[in-house]
Amino acid sequence: MSEMLLQSVVVGMMAAGMYYIKTGQRRYFAVIVGASVLALLLKPVFYPLAVVIAGAGGLLAWRRRQMVLGLIGLVPILVVGLYMGWNKQRTGYFHFSSIAEINLLHYNAAGVVRQTQGLEAEELWVASILREVNAQPDFATRQHLIQARARAVLWAHPVVYARQHAQGMAIFFLDPGRFDLSEFLRLKVPGSGLLAQARAGSLLRALGRLPLGLMTLLSMVLLANVARLMLAVRGFWRLRNSGPMLRYGRWLAAGLLLYVALLTGPLGAARFLVPVWPLLFGLALMGLRRGELLLLPNKKAAPVREDERQR
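Cut-offs and rules
Residues numbered from 1 in each chain as written. Predicted model: local features only at pLDDT ≥ 70, side-chain atom pairs only at ≥ 80, totals over all residues. Heavy atoms only, no water. Helix = DSSP H or I, 4+ residues; strand = E, 2+ residues; numbered from the N terminus. Buried < 20%, exposed > 50% of the residue type's maximum accessible area, 1.4 Å probe, protein only. Contact = heavy atoms within 4.5 Å. Areas by Shrake-Rupley, 256 points an atom, 1.4 Å probe, with all protein chains shown as cover. Salt bridge = Lys/Arg side-chain N within 4 Å of Asp/Glu carboxyl O. Core = buried A, V, L, I, M, F, W, Y, C linked by side-chain atoms within 4.5 Å.

1. A short note on the overall build of the chain
Helices and strands together make up the secondary structure of the chain, namely 18 helices and zero strands. Residue burial in the chain is summarised as follows: out of 311 residues, 39% are buried. Long-range contacts, defined here as pairs at least 24 residues apart, represent 69% of the contacts in the chain between residues at least 6 apart. Summing over all exposed atoms, the chain offers an accessible surface of approximately 18,000 Å²; the carbon and sulfur share of this is 65%.

Following this line, the structure appears as structure tokens:
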């Protein structure tokens, strides 16, 4: 799975970021940039990160008076621009990946139609858009049409979409993975995903149709995910008293987690957490262990009495 390879890249990016915070050496910033290029080539969700990297490079160049950092930070944007230009040459449409329009139509806008008008209306709306799109003469026109029709729905119901997006971000961190578990265990589970059924107003009915064993397992995983998230928040808070590398590194970890959650949006699911899962797990470990034993300023140990030393 590309998610596992991407996970390695993200962990490498995080490690390089922490070493850069500690040492300030340009080579570590170059590793961050290289890892971000690999990440965006593996998964399109990371290509907007090129703008963030460029901004960070510009800020560091200004603060450290090292213009080379700004030039290094522009590499991901250059890669994105070249790739989009290559796509335009092949398709006539300047874009990075068509998955953006697919998600916009089938998940973002379709989810809003489902919540406001129902499942049947959603299916009819998507089918009508696809008929209109397929009648267009070229790829670029089809993609522009999808954007126009989908965005019209989102602009008409901004509050509904905002709620849908927030639900997806919450599911990103908490999803017990019904789809993944049922596929792994080769179980035939009726109905669509739990998030989709929740939006359609039939979540309780869907839960009632689950096998008892699977329902128990999902409940245990959900509780574990809630505990992990709470520990991660606690760990993030505790790191405020640690050294500079961890104190600032926690912001890098949280930033990457929230970035992927925000970009995933309504698609939030357990499998999309995989690339950044080690960052969440690391923060949770910081919240699990006693801060004074690991990160917080060490307290002087009480002197050991002679009679205790001889035991």
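Here the narrative resumes.
2. With respect to the pattern of salt bridges
Across all of its chains, the model carries three salt bridges by this definition. Among the salt bridges present, the one from Glu3 reaches Lys43, with a minimum N-O distance of 3.0 Å. With a gap of 40 residues between them, Glu3 in helix 1 (residues 2-23) and Lys43 in the loop between helix 2 (26-42) and helix 3 (49-64) connect regions that are remote in the sequence. With a relative accessible area of 23%, Lys43 lands in the partly exposed category.

3. Focus: the nonpolar core
Of all hydrophobic cores here, the largest spans 43 residues; its most connected members are Phe29, Phe46, Leu257, Val276 and Leu279. Of all elements in the fold, only helix 1, helix 2, helix 3, helix 4 (67-73), helix 5 (75-91), helix 9 (158-174), helix 14 (244-264) and helix 16 (277-288) reach the threshold of two or more residues within this core. A per-element tally of this core places helix 1 first, with eight residues. Counting 17 residues, the second largest nonpolar core, distinct from the first, contains Ala110, Trp125, Val126 and Ala150.

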